[in-house]
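Close look at the chain arrangement
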Amino acid sequence: NAGVTQTPKFQVLKTGQSMTLQCAQDMNHNSMYWYRQDPGMGLRLIYYSASEGTTDKGEVPNGYNVSRLNKREFSLRLESAAPSQTSVYFCASSVHTSNQPQHFGDGTRLSIL
Amino acid sequence: QQQVKQSPQSLIVQKGGISIINCAYENTAFDYFPWYQQFPGKGPALLIAIRPDVSEKKEGRFTISFNKSAKQFSLHIMDSQPGDSATYFCAAKGAGGGADGLTFGKGTHLIIQP
């Protein structure tokens, strides 16, 4: 049982390049989330998808887009990467958004030069 | 505006001691308070969670104490072990509307000395 799988694990980009971070869950969860983790900042919500077909902005959505491809997959896209987007990105899923445990992947470490 | 304040930022405890991490929140709409444990290179993993209708929840060596009137909650790790060395995050979630993800504290780096 893989849980939440994120690809790639590491990536280095140049400023202005685009990239899509992939996330898939095999727990039949309805809700999926993208967070970023920066040193000393905890985790901050970028976007979430309460159910297949819906997406909503979180605390720090600027510079990102998301796609809920199907129930299993939720991708995060950086259209024009900036150094301020250097971070560790975590995908999470839960049964639904109402007070259910969120299960996290192991992250994508992204550096933008 | 930081909605969940966590302290201390780092903590060193001797093996067998009690580790205590504190969090305070501002938004009275929060109604779910989980604690996550994170090891280097891994994602956060749910440790224990509490809802505001109870004042304490215990699972093994881990206990959450919750004070609704003070808008504070804390994690106690009894008989702390070197394997507990990790970063701990408190979090909070509202009942719905707006952003439905978790609001995290900034984390506590816990070191258990053998």
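As a starting point, this report considers the structure included with it. (Residues numbered from 1 in each chain as written. Chains lettered and ligands numbered in written order. Predicted model: local features only at pLDDT ≥ 70, side-chain atom pairs only at ≥ 80, totals over all residues. Heavy atoms only, no water.)

Looking at the packing of aromatic side chains
Residues and elements named next belong to chain B. Test applied: Each aromatic pair joins two rings of Phe, Tyr and Trp (for Trp, the six-membered one) with centres within 6.5 Å, and gets the label stacked for planes under 30 degrees apart, edge-to-face for over 60, and tilted for any other angle. Secondary structure is summarised from DSSP: a helix means a run of H or I of at least four residues, a strand means a run of E of at least two, and numbering begins at the N terminus for each. Relative accessibility decides the category of a residue: with a 1.4 Å probe and only protein chains considered, values under 20% of the type maximum give buried, values over 50% give exposed, and everything between is partly exposed.
Overall, the coordinates contain 17 aromatic pairs over all chains when judged by the stated rule. Ring plane angle 70 degrees and centroid distance 5.7 Å describe the contact between W35 and F73, whose orientation is recorded as edge-to-face. Of this pair, W35 sits in strand β4 (residues 30-38) while F73 sits in strand β8 (residues 72-77); the two residues are 38 residues apart in sequence, bridging distant segments of the chain. The class of W35 is buried, set by a relative accessible area of 0%. Look at F73 and you get buried, because its relative accessible area is 2%.

Here's the deal with the nonpolar core
Rules: Nonpolar core, defined: a set of buried Ala, Val, Leu, Ile, Met, Phe, Trp, Tyr and Cys residues in which side-chain atoms within 4.5 Å join the residues together. Note on definitions: a residue-residue contact is assigned when non-hydrogen atoms from the two residues lie within 4.5 Å.
Counting residues in each nonpolar core, the largest one holds 24 residues, and the members touching the most others are B:F33, B:W35, B:F73, B:L75 and B:Y88. Among the secondary structure elements, those contributing two or more residues to this core are β2 (10-14), β3 (19-25), β4, β5 (45-50), β7 (62-67), β8, β9 (86-94) and β11 (108-113) of chain B. Residue contributions to this core peak at four residues, all from β9(B). The residues contacting B:F33, other than those within four sequence positions of it, are B:Y25, B:I48, B:A49, B:I50, B:P52, B:I64, B:F66, B:F73, B:A91 and B:A92. A:V4, A:C23, A:Y47 and A:V60 belong to the second-largest nonpolar core, a separate cluster that totals 20 residues.

A word on a nonpolar patch on the surface
All names here are of chain B. Filter applied, for reference: Residues form patches when they are more than 30% accessible in relative terms and have no salt bridge. Like charges link within 9 Å. Nonpolar side chains (Val, Leu, Ile, Met, Phe, Trp, Tyr) link within 5 Å. Here the open area of atoms and residues is found with the Shrake-Rupley method and a 1.4 Å probe, where only the protein chains shown may cover a residue. For this analysis, a salt bridge means a side-chain nitrogen from Lys or Arg found within 4 Å of a carboxyl oxygen belonging to Asp or Glu.
A contiguous nonpolar surface patch, about 240 Å² in accessible area, is contributed by I18, I20 and M78. Among the secondary structure elements, M78 is positioned in the loop between β8 and β9. Looking at M78, the relative accessible area reads 34%, which means it is partly exposed.

Considerations on the sheet that holds strand β3 (residues 19-25) of chain A
Residues and elements named next belong to chain A. Our working definition: Two strands are counted as paired when DSSP detects at least two bridges linking them. For helices, the fitted line uses only the C-alpha atoms of the stretch in contact; every axis is such a line through C-alpha atoms, and the angle between N-to-C directions lies from 0 to 180 degrees.
Pairing is antiparallel in the open sheet, where four strands are placed in the order β1-β3-β8-β7. Looking at which strands have only one partner, the edges of the open sheet turn out to be β1 (4-7) and β7 (64-68). Pairwise comparison of adjacent strand axes, ignoring direction, gives a mean angle of 20 degrees for this sheet.

Side note on the state of the cysteines
For clarity, the cut-off: Two cysteine sulfurs form a disulfide in these notes if their separation is within 2.5 Å.
Using the criterion set out here, one finds two disulfides over all chains in the structure. With its sulfur 1.9 Å from that of its partner, A:C23 forms a disulfide with A:C91. Between A:C23 and A:C91, the disulfide has an S-S torsion of -75 degrees and is therefore left-handed. Here the residue A:C23 occupies a position in strand β3, and A:C91 occupies one in strand β9 (residues 87-94), the gap between them amounting to 68 residues. Disulfide partner of B:C23: B:C90, at an S-S distance of 1.8 Å. With the S-S dihedral at roughly -95 degrees, the linkage between B:C23 and B:C90 falls on the left-handed side. Highlighted residues: B:C23 in strand β3 and B:C90 in strand β9, separated in sequence by 67 residues. The same class applies to B:C23 and to B:C90, which are both buried.

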